[in-house]
Structure formats: C-alpha cells, structure tokens
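Coordinates in review
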Amino acid sequence: MTDSRPAGHDEASISLEDAIHAEDGGIVDVEEPCQQVVLFTLSGQPYALPGTAVTEILKGDTPVYFVPGLPSSTEGVIHLRGTIESLVRLQPLLGLTESNAEGMLLMVRSAGIRTAVRIDQLNDVCDLPLSAFKAPPETLPDALRPFVSALWQPEEARVATALLDPDALLKAYQQGLG
C-alpha cells in the first residue's frame, strides 16, 4: 500500500478544509481581527476594559494612602516602584453601589493619564473577535451610557459584559465627576 500524502505530512496533519470547518459545521475565520480585553467584576456586574489601556495588574492589598479633599471616585494614592499613582473607584462614576471587596488593581493609561483602578474580581484576559461586540442599546442606564462603548455576551451567559471606554472614564475622573 502506498501513502498518497505529500512528503512532510504526518498522521497529526489535517487538511485545510478540515481546519476551516469547526465541529458544528460553522466556518472559523482565523483572520478575523480581535481585541484583547480584561474582564472583571464591579459590584457584582461584569465589565471589561481594552487590553491596550491596561498596562499592569496588581494585587488588591497594595497599601493605599488617603488624601483629603479628593472626589469620591478617588480612593487615595499608591506608591508603585517610586511613583505616586492615584487610585480610582469606578463605582461612583458608573452609578454603582460601593463594594468592600479588596479585589485587584488595574493600572490604566488613557486620556493622557495613568492611574490605578480598583476592581472587585479579575475574571480573565482574553482576545475576542471584533464581531462579538454589539452596540450598546438605548435602554442602557443613563449613568453608564457615556462610558460603555460596546457589549459582549457569550452564548452561555445570561448577562452581557459592558466594554468600558477608558478615555471617557478617565476624562470624567479628571473633571471631578463621581
């Protein structure tokens, strides 16, 4: 019996046709553009930030130093490798109830500033196809509308994840809102 496969192919190789078609018969577009996102929870609700805006993820037990006279969205400042950085809570900006979770800190760079943002829980860092994002609906609460750029809802989830616009969030923070 002769092997009709081209040289350089082994038993683990699959045809291009097999690679293109998924098990469910759908076509997988391997060239579809993706966006890296950081998925997290705030006040029990799922949110995401673009991975391009998040420069670092820190433990939530980083010491925070209170500074009087700052807006409610500013928890204080942290000392990070010789640099003083503000620590922002997104709940006041987004109209959410405060959480006592120590959570984690995301270092976010956008709108010309760099700041730490406290989150309740880090869920994942992943790449999502751009086609998975949907425009936010008109029914989105008024407090969230300026800050949500898109929604993503995985098939198995009953709640959509709001992709936050880091520029809008940090501009609102700079203006002292929240």
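The structure reproduced in this document is the subject of the present report.

Calculation notes
- Residues numbered from 1 in each chain as written.
- Predicted model: local features only at pLDDT ≥ 70, side-chain atom pairs only at ≥ 80, totals over all residues.
- Heavy atoms only, no water.
- Pairing = 2+ DSSP bridges.
- Helix = DSSP H or I, 4+ residues; strand = E, 2+ residues; numbered from the N terminus.
- Core = buried A, V, L, I, M, F, W, Y, C linked by side-chain atoms within 4.5 Å.
- Buried < 20%, exposed > 50% of the residue type's maximum accessible area, 1.4 Å probe, protein only.
- Contact = heavy atoms within 4.5 Å.
- Axes fitted to C-alpha atoms, helices over the stretch in contact; angles between N-to-C directions.
- Phe/Tyr/Trp six-rings, centres within 6.5 Å; stacked < 30°, edge-to-face > 60°.
- Polar contact = N/O pair within 3.5 Å; in protein donor to acceptor, adjacent residues only side chain to side chain.

**Topic: the sheet that holds strand β1 (residues 34-42)**
With mixed pairing, the 6 strands of this open sheet are ordered in space as β8-β1-β2-β11-β10-β9. Either end of the sheet is taken by a strand with one partner, and the two such strands are β8 (121-129) and β9 (133-134). Relative to strand β11 (residues 161-164), strand β10 (residues 148-152) runs antiparallel, the two being bridged by 4 bridges. Within β11, the residue paired with V148 across the bridge is L164.

**Section: the nonpolar core**
Within the largest apolar cluster, 28 residues are counted, with the highest numbers of intra-cluster contacts made by Y47, L90, L94 and L164. Secondary structure elements with two or more residues in this core: β1, β2 (45-50), α2 (91-94), β6 (104-110), β7 (113-119), β10, β11 and α3 (166-174). Counting residues per element, this core draws most heavily on α3, which supplies 5 residues. Apart from the residues within four sequence positions on either side, Y47 is in contact with V38, L39, F40, L42, L94, L96, L144, T161, A162 and L164. Judged by nonpolar contacts, the second largest core, of 9 residues, contains C126, A150, W152 and L163.

**Section: the sheet that holds strand β4 (residues 74-80)**
Spatial strand order, β3-β6-β7-β5-β4: 5 strands in an open sheet with mixed pairing. Only two strands of the sheet have a single neighbouring strand rather than two, namely β3 (54-59) and β4. Strand-to-strand twist in this sheet, taken as the mean axis angle between neighbours without regard to direction, amounts to 30°. Pairing of strand β5 (residues 83-89) with β7 involves 3 bridges; the strand directions are parallel. The residue bridging V88 from the neighbouring strand is V117, located in β7. Packed on one face of the sheet, α3 meets β4, β5, β6 and β7 and runs near 95° to β6.

**Topic: the packing of aromatic side chains**
Evaluation of the coordinates by the stated rule reveals 1 aromatic pair. The interplanar angle of 25° and the centroid separation of 6.4 Å between the aromatic rings of F40 and Y47 together place this pair among those described as stacked. For the pair F40 and Y47, one class covers both residues: buried.

**Looking at α3**
Those residues of α3 lying buried are P166, A168, L169, L170, A172 and Y173. Between the side-chain oxygen at the start of α3 and the backbone nitrogen of D167 there is a gap of 3.0 Å, and the oxygen is on D165.

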